[in-house]
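Observations on the three-dimensional arrangement
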Amino acid sequence: MPSSRRGAVLAASATALLLALSTTACGTGGDSGGDEGGKVRVRIAYQAIPNADLVVKNQKLLEKALPDADVSWVKFDSGGDVNTAVIAGAVDLGLLGSSPVTKGLSAPLDIPYKVLWIHDLIGDNEALVAKKDIGSVAALKGRKIATPFGSTSHYSLLVALESAGLKATDVTLVDLQPQDALAAWQRGDIDAAYVWTPSLTELKKDGKVLVTSRAIAERGRPTADLGVVTDAFAAKHPEIVDAWLKAEDQAVKLAKSDPAKAAGAIGAELNLTPDEARAQLAELVLLTAKEQQGAAYLGTPEAPGALASNLHDAAVFLKGQKAIDAVPDQADFAKSLAVKELARVAR
C-alpha cells in the first residue's frame, strides 16, 4: 500500500472523531437507534451510485412505510467513509462496496455489522480508464493512477495490476474520490483512474477503457455494492430492518418492471437525464430479495451463500496487499450474512 497502516488508522480515527463530534453537535449522533422527539431515528448512508437504493430515497419508500420514524439519508463518497461513520456511531444502515465490507469485517476494524442486502453486482459501471496513448494495464508502469482507497475500485485496480505483472509500487497511486479523480484527469494531473459511474462516464469521453470490473469478476474476483446494518440496530429494531428490506426489494422490482420510471428517480438524484440514468442502471445487475437467497449470493439460514466465500477470497487478497491484519475464517463471514433477516421478507 502507498501509505503506512499506522497513518491510515490514525487518519481514520481522526476522521471518525470529527464526524462523531459534528453529528453530536447537530443532534443526530450518538447511540444506535436513538429517539428524536419521540421518534425512532434511522440514519442511512448512501452513495451516488445509479442503483435501486436511489429509487428508495427519491420515492421516499422507507418514509412512507415508517411514518412514525425519523429517517435521514447521509451521502458519502466511498465505502471507506461509510466504515468510518459506522465506527463513529453516526449511521445505522448503509451502502458500501464488498471490498470495504471485507475490511470492515476484518482486523483491525472488526466492525459489528451484518451484510443485509446486495444492492448490485458490479459490472461495466466500474472501470480503469487511461489516456488514449496507453494501450494496456502493463503500460501503466511508472504512471499516476487515481482511485478511492479502500473501495471496490481500489480492490479491482490492485487485481488488474497483479494480473498484468505489476505491483502497487510500480505505479503511483493517488487516493481521490470519483469527482476529484475526474477533476484531476481534466487538469492532466493523472494518467488513469479506476472509478465508477457517473464520473466514469465522463472519463470515457476522452479516455480508453483498459479493463472493467465485469472482466475482473470473470477472472474470479467479483465485486458488489452491499447493504449493511449494525448489529445493535438490527437487534433493537427488527421491524425497521424488515421495512428497509421490503423497500429495497420494491425498488428493485420497479427497476426490472419499469426501468424508465426507476431511471427517472435515479436521474433526479444524480442530476442526469432519464436516458443517461437508464444507460447507467443497465450496467448493473440487480437482484430481488428472493433471488438473493440463491446459493451464489446471500443464501438462506440453512445454507449461507457464496458471498461468504467471495468475501473470504477478497480478505486473502487484501491480506497479501497488507490492507488488513488477518484473514477471518470463511465461517465468520458466513455468520455476518443477515440471512435470517432476508428470509423474513423474501417472497
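That block above? That's the structure.
From a predicted model like this one, the values you see are computed outputs, not experimental measurements. (Residues numbered from 1 in each chain as written. Predicted model: local features only at pLDDT ≥ 70, side-chain atom pairs only at ≥ 80, totals over all residues. Heavy atoms only, no water.)

1. Section: the pattern of salt bridges
Convention followed: Any Lys or Arg side-chain nitrogen found within 4 Å of a carboxyl oxygen on Asp or Glu counts as a salt bridge. Secondary structure elements follow DSSP: runs of H or I of four or more residues count as helices, runs of E of two or more count as strands, with numbering from the N terminus. Whether a residue is buried, partly exposed or exposed follows from its accessible area with a 1.4 Å probe, protein chains only, as a fraction of its type maximum: under 20%, in between, or over 50%, in that order.
Scanning all chains against the criterion turns up 11 salt bridges. Across the pair K57 and E269 runs a salt bridge, and its minimum N-O distance is 3.0 Å. Here E269 lies in helix α12 (residues 259-270) and K57 lies in helix α2 (residues 52-58), a separation of 212 residues in the sequence. As a salt-bridge pair, K256 and E291 come within 3.7 Å of each other at their nearest N and O atoms. Residue K256 is located in helix α11 (residues 238-257), and its partner E291 is located in helix α14 (residues 289-292); the two are separated by 35 residues in the primary sequence. The class of K256 is partly exposed, set by a relative accessible area of 44%.

2. Details of the pairing of strand β2 (residues 39-46)
Worth spelling out the cut-off: Two strands pair under a simple rule: DSSP has to find at least two bridges between them.
Burial within β2 is extensive, with 6 of its 8 residues counted as buried. Bridge count for β2 against strand β3 (residues 69-75) is 7 bridges, and the pairing is parallel. Among the inter-strand pairings, V42 is bridged to a residue of β3, identified as V71. Relative to strand β4 (residues 93-97), β2 runs parallel, the two sharing 2 bridges. Paired with A45 across the bridge in β4 is G94.

3. A word on the pairing of strand β6 (residues 126-130)
Taking burial as the measure, the 5 residues of β6 include 5 buried ones, the bulk of the element. Of the two faces of β6, the one carrying E126, L128 and A130 and the one carrying A127 and V129 are both buried.

4. Here's the deal with the sheet that holds β6
The strands that make up a sheet pair up through hydrogen bonds in the backbone, lying either parallel or antiparallel. We count it as follows: Orientation is described by lines fitted to C-alpha atoms, with helices fitted over the stretch in contact, and by angles between N-to-C directions that extend from 0 to 180 degrees. Only heavy atoms enter the contact rule, under which two residues are in contact if any of them lie within 4.5 Å.
Read from one edge of the open sheet, 5 strands run β8-β7-β9-β6-β10, paired in mixed fashion. Either end of the sheet is taken by a strand with one partner, and the two such strands are β8 (172-175) and β10 (208-212). Neighbouring strand axes in the sheet, compared pairwise and without regard to direction, differ in orientation by 25° on average. Bridge count for strand β7 (residues 144-147) against strand β9 (residues 192-196) is 2 bridges, and the pairing is parallel. Counted as the bridge partner of A146 is A193 from β9. Along the sheet, helix α7 (residues 178-187) makes contact with β6, β7 and β9, crossing β9 at roughly 150°.

5. Observations concerning the packing of aromatic side chains
Selection criterion: Any two of the Phe, Tyr and Trp rings considered here, Trp counted by its six-membered ring, make a pair once their centres fall within 6.5 Å; the pair's planes then place it as stacked at under 30 degrees, edge-to-face at over 60, or tilted in between. Note on geometry: a ring has a charge over it if NZ (lysine) or CZ (arginine) is within 6 Å of the ring centre and within 35 degrees of the ring normal.
The final tally for this structure, using the stated rule, is 2 aromatic pairs. An angle of 75° between the planes, with centres 6.0 Å apart, marks the rings of Y46 and W73 as edge-to-face. Note that Y46 is positioned in strand β2 and W73 in strand β3, a separation of 27 residues in sequence. Classification of W73 by relative accessible area gives buried; the value is 16%. Consider the rings of Y155 and F317, whose centres lie 5.3 Å apart with planes at 85°: the pair is edge-to-face. On the criterion of sequence distance, the pair formed by Y155 in helix α6 (residues 152-163) and F317 in helix α15 (residues 307-320) is long-range, its members being 162 residues apart. Taking the relative accessible area as the measure of exposure, Y155 reaches 4% and is therefore buried. Sitting over the face of the ring of W185, K131 holds its NZ or CZ atom 3.8 Å from the ring centroid.

6. A word on the nonpolar core
Just so we agree on the cut-off: Residue types Ala, Val, Leu, Ile, Met, Phe, Trp, Tyr and Cys, when buried and joined through side-chain atoms within 4.5 Å, form a set referred to as a nonpolar core.
Judged by nonpolar contacts, the single largest core of 96 residues is most densely connected at L128, L140 and I145. A146, A181, L182 and V195 belong to the second largest nonpolar core, which has 13 residues in total.

7. Topic: the packing of α6 against α15
Formally: The scheme is simple: roughly parallel for angles under 35 degrees, roughly antiparallel for over 145, roughly perpendicular for 65 to 115, oblique for anything else. Note on convention: the crossing is left-handed when the near helix lies turned anticlockwise from the far helix by less than a right angle, right-handed when the turn is clockwise.
It is at 11 Å that the axes of α6 and α15 come closest, and there the two elements cross at 70°. By the angle between their axes, α6 is roughly perpendicular relative to α15. Once α6 is placed against α15, the crossing between them reads as left-handed. Here Y155, L158, V159 and E162 of α6 lie close against α15, whose contacting residues are A314, F317 and L318.

8. Remarks on α12
Where we set the bar: In a helix, the anticipated span is given by 1.5 Å times the number of residues less one.
For α12, which comprises 12 residues, the first-to-last C-alpha distance of 16 Å matches the rise-based estimate of 16 Å (1.5 Å per residue) to within 8%. Listed as buried for α12 are A262, A263, A265, I266, G267 and L270. Elements in contact with the buried residues of α12: α2, α11 and α13 (274-281). Following α12 by one or two positions, N271 has its phi on the positive side, about 60°.

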